[in-house]
Amino acid sequence: ESLNSVGQLKQYLAELLELGRKMCDSQKNKTVSTIEILRNYIEEHFSEDISLSDLAAQVYLNPKYVSELFKKETGVNFSDYLSAVRIGKAKDYLVDPRCRVSEIASRVGYSDIKYFSKLFKKIVGVTPSEFRKLHC
């Protein structure tokens, strides 16, 4: 009602579009920071028994929503991401010949050495012992 000319209408619409763009950018940044919070939490707690519910609680969101958001933003689901982080840490530990493989498995969050070895081979392509022989 207060717009008296086409020029004023154009100005008003341009301001609305700019506001919409800023809101959209703000939402994207919020999503990125949420994912960063989740990734940081995983990095800091990878050796613990972390569930999707634990992760969701860190950002006060629903676990199902966090699962979808995590997959959308990272390209992998939470459990695969956690496994990749754990196996990556295990690779770092394996270059130290003083650490036993069972000890390393425990350090990275796996209580079952057989499961750890099987998962390690699936992800890396060789067993933890073979990896150690190749890199020590």
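Up top you'll find the structure we're talking about.
Some remarks on the nonpolar core
Among the nonpolar cores identified, the biggest contains 30 residues, and Ile42 and Phe116 are the most heavily contacted of them. Those elements giving two or more residues to this core turn out to be helix H1 (6-45), helix H2 (52-58), helix H3 (63-74), helix H4 (78-94), helix H5 (101-107) and helix H6 (113-124). With seven residues, H4 is the largest single contributor of residues to this core. With near-sequence residues (within four places) excluded, Ile42 lies in contact with Ile50, Leu55, Phe70, Phe78, Tyr81, Leu82 and Val85.

Quick look at the side chain of Arg132
Relative to the helices and strands, Arg132 is located in helix H7 (residues 128-135). Of the side chains with opposite charge, Asp96 comes closest to the buried, unpaired Arg132, at an N-O distance of 6.2 Å. Here Leu94 takes part through its backbone oxygen, which lies 3.0 Å from a polar atom of the side chain of Arg132. Among residues more than four places away in sequence, those in contact with Arg132 are Tyr93, Leu94, Asp96, Pro97, Cys99, Arg100, Val101 and Ile104.

A closer look at the packing of aromatic side chains
Enumeration over the complete set of coordinates arrives at six aromatic pairs. Between Phe70 and Tyr81, the ring centres sit 5.1 Å apart and the planes meet at 80°, which makes this aromatic pair edge-to-face. Taken together, the positions of Phe70 in helix H3 and Tyr81 in helix H4 put the pair eleven residues apart, joining distant regions of the chain. Of the residues examined, Tyr81 reaches a relative accessible area of 17% and is grouped as buried. Each ring, one from Phe116 and one from Phe120, has its centre 5.8 Å from the other, and the planes form 55°; the classification is tilted. Of this pair, Phe116 and Phe120 both sit in helix H6, four residues apart, roughly one helical turn. For Phe120, a relative accessible area of 0% corresponds to the buried category. Taken together through their ring pairs, the aromatic side chains of Tyr110, Tyr115, Phe116, Phe120 and Phe131 make up a single cluster.

The rules we used
- Residue positions are given per chain, counting from 1 as you read along its sequence in written order.
- Per-residue local features are limited, in this predicted model, to residues with pLDDT of at least 70; the limit for side-chain atom pairs, both in listing and counting, is 80 or more; totals at the level of whole chains, interfaces and linings are taken over all residues.
- In computing side-chain values, all of the structure's heavy atoms are included and hydrogens and water are not.
- Grouping buried Ala, Val, Leu, Ile, Met, Phe, Trp, Tyr and Cys residues that are joined through side-chain atoms within 4.5 Å yields what is termed a nonpolar core.
- Any residue under 20% of the maximum accessible area for its type is buried, any over 50% is exposed, and the rest in between are partly exposed; the area is computed with a 1.4 Å probe on protein chains only.
- We count a stretch as a helix when DSSP gives it H or I for four or more residues in a row; a strand needs E for two or more, and each element gets its number in order from the N terminus.
- Contacts: residue pairs with any heavy atoms within 4.5 Å of one another.
- Neither His nor the chain ends is counted toward charge; the positive residues are Lys and Arg and the negative residues Asp and Glu.
- For this document, the term salt bridge refers to a Lys or Arg side-chain nitrogen within 4 Å of an Asp or Glu carboxyl oxygen.
- Each polar contact in these results corresponds to two N or O atoms within 3.5 Å; when the atoms are within protein, one needs to be able to donate a hydrogen and the other to accept it, and residues that are neighboring in sequence are counted only if both atoms are side-chain atoms.
- Pairing of aromatic side chains requires ring centres within 6.5 Å, counting the rings of Phe and Tyr and the six-membered ring of Trp. Pairs whose planes differ by under 30 degrees are stacked, by over 60 edge-to-face, and all others tilted.

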